[in-house]
Amino acid sequence: MDLTALQARIESGGRLDAEESRWIYREAPTPWLARLADFVRRRKHPEGVVTYIIDRNVNYTNVCVARCNFCAFYRPVGHGEGYVLGFDEIHRKIEETIELGGDQLLLQGGHNPDLPLTWYEDLFRGVKAAYPEFRLHALSPPEVLHLSRMSRLSTGEVLARLMAVGLDSIPGGGAEILVDRVRKLLNCYNKATADEWLDVMRQAHHAGLRTTATMMYGTVETPDERIEHMLRLREVQDETGGFTAFITWSYQPEHTERGGIEATGLEYLRTLATARIVLDNFDNLQASWVTQGGKVGQLSLAFGANDMGSVMIEENVVRAAGAAYCMDEVEIVRNIEDAGFVAVRRNMHYEVLGEPVFRQRDIPRVLALATARAEGDTSVPAELANYEARSAAAKKQRARI
Amino acid sequence: MGSDVTSPIDQDLAARAAAGARLSEADLALLAAVGDILALGALADDARRVKAGTAATYVRVLDVETATLGDAPLEVPEGATEVRLQGLPPTLEATVAAVTAARAAAGTRTVSGFSLADLVARAIEGWGDLGDVAAALKAAGLDAVADVPADRILDLPAAVRPLLEAGVLVPRVTVAAPVPATGRVDLLLRIRALQDATGALQACAPLPREVPDALPTTGYDDVRFVALARLALESVPAIQVDWVLYGPKLAQVALTFGADDLDSVSPFDDETQGRRRAAVEEIRRNVEAAGLRPVERDGRYGRLDR
Ligand code: SF4
């Protein structure tokens with residue numbers, strides 16, 4: 001490949017084809033990739049701003065029947081450590097989020113066969129009644145598919161019902177690598193094939209929802225399959241324009257069935273830089289400090305990222321797999337400014353909300369991310385008695401409430 | 001690097017820096033002010049390649065707390081090529097005893113230990129002449145002083161000479177506390193002057209070792225300082241990053257911003273020392289993923305052919 005010609009094309013806003021994309025990822029020198037990714041970021045965001053969001057990452061249940069072999073978070077049905085958060089617990093988390101200046105929950109969970117669609121509808125309705133301005137960025141495509149299968153409704157109907165009670169946007173989780181060969185090996189083909197994942201996103205975009213897109217790399221896929229993943233996202237984005245951002249992170253292997261070793265920091269930065277160049281129709285790329293740590297998270301801003309993601313407040317999934325980094329708003333802003341950018345708070349739609357909250361009022365420092373529940377809390381929310389359980393274990397448990 | 005058009009660095013300066021030439025204070029002030037860390041990193045990477053090629057060295061060190069020496073017999077794992085004593089005992093006699101014990105367990109491996117700043121302070125407090133202290137430690141088996149914190153010692157050559165005269169090696173300078181951006185060129189020039197005066201240094205580890213938890217250095221800070229150290233210290237063979245203190249991710253990235261040596265790699269082959277104290281395979285994998293060639297070295301900076 002002719003690096004100079006590729007560079008000229010990228011600099012003039014031209015698009016790389018599949019072969020060129022594969023080649024730059026595999027072969028291009030890291031400094032070259034970084035400089036070009038930085039160039040593309042500056043072209044898209046010439047104002048020198050780096051954004052972030054204050055929201056809380058809440059996992060409403062860890063009970064899951066999907067059993068992805070890369071996941072350290074889930075517990076099978078009937079497991080003693082399985083939990084479902086109560087509506088009041090979720091409301092309390094929202095209040096703590098608002099106190100820290102946040103305006104949204106990123107709400108995702110396992111595929112729990114004992115939570116029917118009506119549970120989600122009641123939850124969303126209740127949240128919106130209590131906190132009308134609060135946003136629900138909730139339920140990744142595999143969760144929507146799971147609800148569709150459980151309720152025997154189409155995914156479009158599930159989305160419509162959830163939107164009617166307050167769903168604001170959809171997170172791009174569950175994408176892993178959008179190549180079915182890989183999905184079969186990761187045991188996540190049944191939860192959603194690549195086409196199914198993309199179709200849910202298409203439907204959501206057509207229904208007026210904005211969504212993010214993600215990629216978890218570093219399991220069994222080849223570098224070329226990572227590029228295929230990016231190209232499939234690029235195709236849908238051409239069609240709908242509905243993705244607000246792309247977020248990639250490395251597989252976290254600790255405590256998972258699959259095991260293995262984590263991809264290195266430079267591999268992360270190369271993947272990010274390549275995504276910035278290949279995903280020419282995505283405006284925003286987030287830094288994954290929660291998997292890479294604050295330092296490589298910050299360095300992401302030199303490798304194509306224009307967003308430091310979320311302060312998170314709470315995190316359960318990555319922590320279960322061994323990573324436990326924390327950055328509160330003060331730390332995120334310090335890192336953004338130290339890298340020479342202006343820090344701006346945003347919402348999920350990347351609309352500017354203003355300057356950092358901690359500069360406007362006193363907010364408590366958060367030096368460790370919260371967990372879904374305190375250790376040893378095995379309480380069962382009383383309202384679960386109102387919902388029909390499918391599994392024998394949950395039926396028994398609910399009979400005791 | 002194919003995008004010189006976007007580099008903010010003057011071409012003549014860039015050419016000299018990339019070639020590993022000696023840069024003036026004014027040159028270094030210009031480079032320290034460059035906001036574009038990718039441009040700075042690319043120059044440092046070029047300068048590093050001039051000196052070290054594609055090799056990245058690492059050393060497997062057994063850290064021994066002197067306070068716990070004597071609790072149990074000191075066993076040095078086979079993988080260690082350096083035994084490093086941490087924590088200066090309260091008396092010279094106890095320090096000599098600690099070195100003697102380490103020497104006995106270490107065999108032919110390098111025994112290093114202590115901070116020169118602490119030794120200087122103790123000498124003033126009553127241990128006696130620094131040269132005599134160094135001679136006593138050398139006689140007990142100390143090969144090298146572990147840390148020379150350049151930011152804690154005002155007259156570096158004056159502090160280092162008595163050790164060298166006693167036969168104690170002074171292979172590396174370190175930095176104790178985070179250095180404000182405005183003080184970095186000064187500090188690096190003092191280190192360079194030490195090397196000019198003594199020729200003793202094998203490495204500089206520019207990243208601070210005592211960082212407040214509430215205010216850690218940032219990734220930009222770290223790689224910028226590593227790159228600047230590489231460009232300022234053309235006469236010092238290696239720029240070093242501590243694998244344990246800085247973690248695999250930052251340490252690996254630093255290898256592409258001018259660093260070429262990884263310190264404090266665990267001598268144990270399992271991960272009993274915790275997640276970040278990874279075994280040699282982890283180091284080698286990270287070095288190779290950075291496009292470099294891992295080379296083990298010993299405590300005297302000699303390359304091993306394992
Ligand atoms: S990744 Fe999600 S769907 Fe897969 S097992 Fe974990 S919780 Fe379940």
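Worth saying up front: this structure is predicted, and the values here are computed from it rather than measured.

### Describing the pattern of salt bridges
Step number 1: In total, this model carries 51 salt bridges over all chains according to the counting rule given.
Step number 2: In this structure, Glu221 of chain A and Arg226 of chain A form a salt bridge, with 2.7 Å as the shortest nitrogen-oxygen distance.
Step number 3: Residue class for Glu221 of chain A comes out buried when judged on its relative accessible area of 8%.
Step number 4: On the basis of relative accessible area, Arg226 of chain A is assigned to the buried category, the value being 6%.
Step number 5: Arg152 of chain B serves as the salt-bridge partner of Glu210 of chain B, at 3.0 Å between the closest nitrogen and oxygen. With Glu210 of chain B in the loop between β6 (203–205) and α9 (219–232) and Arg152 of chain B in the loop between β4 (144–147) and α7 (156–165), this pair connects stretches of sequence that are 58 residues apart.
Step number 6: Here the salt bridges do not stand alone but share partners, grouping Glu82, Arg84, Asp147, Arg172 and Asp263 of chain B into one network.

### Topic: the site of the ligand
Step number 1: Taken together, Cys64, Ala66, Arg67, Cys68, Phe70, Cys71, Tyr74, Gly110, His111 and Lys191 of chain A make up the full set of residues near the ligand.
Step number 2: Class assignment of the residues belonging to the shell around the ligand gives a composition of six nonpolar, two polar and two charged.

### Points about the side chain of Glu262 of chain A
Step number 1: Mapped onto the fold, Glu262 of chain A is located in the loop between β7 (243–250) and α11 (265–278).
Step number 2: On the accessibility criterion, Glu262 of chain A (12% relative accessible area) is buried.
Step number 3: One polar contact links Glu262 of chain A to Ser250 of chain A, side chain to side chain, over a distance of 2.9 Å.
Step number 4: A polar side-chain atom of Glu262 of chain A sits 2.5 Å from a polar atom in the side chain of Lys249 of chain B.

### Here we look at the pairing of strand β7 (residues 238–242) of chain B
All names here are of chain B.
Step number 1: With five of five residues buried, β7 lies mostly within the body of the structure.
Step number 2: The sheet contact formed by β6 and β7 spans two bridges and is parallel. Of the residues in β7, the one forming a bridge with Ala203 is Ala238.
Step number 3: For the crossover from β6 across α9 to β7, the handedness is right-handed.
Step number 4: Two elements, β7 and strand β8 (residues 261–265), share three bridges in a ladder whose sense is parallel. Paired with Asp242 across the two strands is Asp263, which belongs to β8.
Step number 5: Taking the sense of rotation as the criterion, the β-α-β connection linking β7, helix α10 (residues 243–254) and β8 turns out right-handed.

### Some words on the pairing of β7 of chain A
All names here are of chain A.
Step number 1: Burial analysis of β7 places seven of its eight residues in the buried class, which makes it a mostly covered element.
Step number 2: Note on the crossover from strand β6 (residues 210–217) through helix α10 (residues 223–240) to β7: the handedness is right-handed.
Step number 3: Taken together, β7, α11 and strand β8 (residues 284–286) constitute a β-α-β crossover, and its handedness is right-handed.

### Concerning the packing of helix α5 (residues 117–130) of chain A against helix α7 (residues 155–164) of chain A
All names here are of chain A.
Step number 1: Packing of α5 against α7 brings their axes to within 9 Å, and their N-to-C directions diverge by 25 degrees. Considered as vectors, α5 and α7 are oriented roughly parallel to each other. Mapping the contact onto sequence places Leu117, Thr118, Tyr120, Glu121 and Phe124 in α5 and Val158, Arg161 and Leu162 in α7.
Step number 2: The residue makeup of the contact of α5 with α7, split by class, is five nonpolar, one polar and two charged.

### Some remarks on α5 of chain A
Step number 1: With 14 residues, α5 of chain A ought to run about 20 Å at 1.5 Å a step, and its terminal C-alpha atoms sit 20 Å apart, in line with that.
Step number 2: Contacts made by the buried residues of α5 of chain A are with α4 (87–99), β3 (104–108), β4 (135–138), α6 (141–151) and α7 of chain A.

Reading the values: the criteria
- Residues numbered from 1 in each chain as written.
- Chains lettered and ligands numbered in written order.
- Predicted model: local features only at pLDDT ≥ 70, side-chain atom pairs only at ≥ 80, totals over all residues.
- Heavy atoms only, no water.
- Salt bridge = Lys/Arg side-chain N within 4 Å of Asp/Glu carboxyl O.
- Buried < 20%, exposed > 50% of the residue type's maximum accessible area, 1.4 Å probe, protein only.
- Helix = DSSP H or I, 4+ residues; strand = E, 2+ residues; numbered from the N terminus.
- Near = heavy atom within 4 Å.
- Nonpolar A, V, L, I, M, F, W, Y, C, P; charged D, E, K, R; others polar.
- Polar contact = N/O pair within 3.5 Å; in protein donor to acceptor, adjacent residues only side chain to side chain.
- Pairing = 2+ DSSP bridges.
- Right-handed = clockwise from strand over helix to strand, strands pointing away.
- Axes fitted to C-alpha atoms, helices over the stretch in contact; angles between N-to-C directions.
- Parallel < 35°, antiparallel > 145°, perpendicular 65-115°, else oblique.
- Contact = heavy atoms within 4.5 Å.
- Expected span 1.5 Å × (residues − 1).

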